[in-house]
Amino acid sequence: MKIQLLPSSFDESGRATPAQRLTCFVIDNQVTVDAGSIGLALSDAQRRAVRDIIVTHPHMDHIASLPIFVDDLFGELTEPIRIHATEEVVNLLERDVFNDNVYPRFAELRNQHGPVMEYRPFKVGQEFSVGHLRATAVDVNHIVPTVGLVVTDGTSTVAFSSDTAATDEFWTLINKTLKLNALFIEASFPNSMHELAKASKHLTPQTMAEELRKLSHNGIDILAVHLKPAYRVTLVEEIEALGIKGLKVMEAGRVYEW
Ligand SMILES: [Zn+2]
Ligand SMILES: [Zn+2]
């Protein structure tokens, strides 16, 4: 399984930089987990291939350019773009984004080949198909309805915490997964901003380390993501200082493989 965190920041010549402002993981160039930078940073080949998008929650950094992505492909789609999300998140996307004010209700629109976008609601705790993958979602602890995910291609299995504060259900789910290759976990604010992290339901390197003590899998790759760009230097130092085996900060743009 190949996974890339799409870049979402660019230097003065347009080259990608490490700062992560938006969240979009591309799996095997076909499926994405979240869609923050999906309309901006996919390669042309990826744009032609990605038709399945899992939305963990409706925060802007996770969906910002999703409407642009659908708009871009509108005329050429020969199958709909499938948005996989809980019923609750689908309702929020319909109410707040695809509402004919912010952007069109694409789920009601068609091109010459048929519908351009459709919702595929899933239930937490029930495995569902997404492209060539299978996924199971679990509620995590964020300020809006949000899911974490375990995703498998039958050979390799990875887990995404999405945005969350301390939680138990996510760890219960991934600990009962027989084999886990990699875990993507958020670390949004530096340790000194513990109160803000708590209020906005995010983790700091310290609380992330406390969460990682609940993980029973050994020897897996742990990639820290969602580092707020304004505190990135401090966050990288604090994450490295934890000295946790297998833990690294994920690099945007790089293709990781398991
Ligand atoms: Zn969020
Ligand atoms: Zn976020």
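So, here is what we can say about the structure in this document.

The rules behind the values
- Residues numbered from 1 in each chain as written.
- Chains lettered and ligands numbered in written order.
- Predicted model: local features only at pLDDT ≥ 70, side-chain atom pairs only at ≥ 80, totals over all residues.
- Heavy atoms only, no water.
- Helix = DSSP H or I, 4+ residues; strand = E, 2+ residues; numbered from the N terminus.
- Areas by Shrake-Rupley, 256 points an atom, 1.4 Å probe, with all protein chains shown as cover.
- Lys, Arg positive; Asp, Glu negative; His and termini not counted.
- Charge placed at Lys NZ, Arg CZ, Asp CG, Glu CD.
- Donors = N, O, S within 2.8 Å, 3.2 Å for Na, K, Ca; no water.
- Tetrahedral: all angles 85-135°; square planar, octahedral: opposite > 155°, others 65-115°.
- Buried < 20%, exposed > 50% of the residue type's maximum accessible area, 1.4 Å probe, protein only.

## Observations regarding the overall build of the chain
Then, in step 1: Helix and strand counts for the chain come out as 9 helices and 16 strands.
Then, in step 2: If one aligns the C-alpha atoms of the chain with their principal axes, the spans along those axes are about 55 × 45 × 35 Å.
Then, in step 3: On the chain, roughly 11500 Å² of surface is accessible, and the fraction owed to carbon and sulfur atoms is 48%.
Then, in step 4: Between the mean site of the 24 positive side-chain charges and the mean site of the 34 negative ones, the chain shows a separation of 3 Å.

## A closer look at the coordination of the zinc ion (ligand 1)
Then, in step 1: For the zinc ion (ligand 1), the full set of protein donor atoms is His57 (NE2), His59 (ND1), His142 (NE2) and Asp163 (OD), at a range of 2.1 to 2.4 Å.
Then, in step 2: Coordination geometry of the zinc ion (ligand 1): the 4 donor atoms subtend angles of 91 to 164° at the metal centre, consistent with an arrangement described as irregular.
Then, in step 3: Motif for the zinc ion (ligand 1), donor spacing along one chain: H-x1-H-x82-H-x20-D.
Then, in step 4: In this structure the zinc ion (ligand 2) is found 3.5 Å away from the zinc ion (ligand 1), and Asp163 serves as a bridging donor for the pair. With His57 in the loop between β4 (52-54) and α3 (60-63) and His142 in the loop between β10 (133-139) and β11 (147-152), this pair connects stretches of sequence that are 85 residues apart. An identical accessibility class is assigned to His57 and His142; each is buried.

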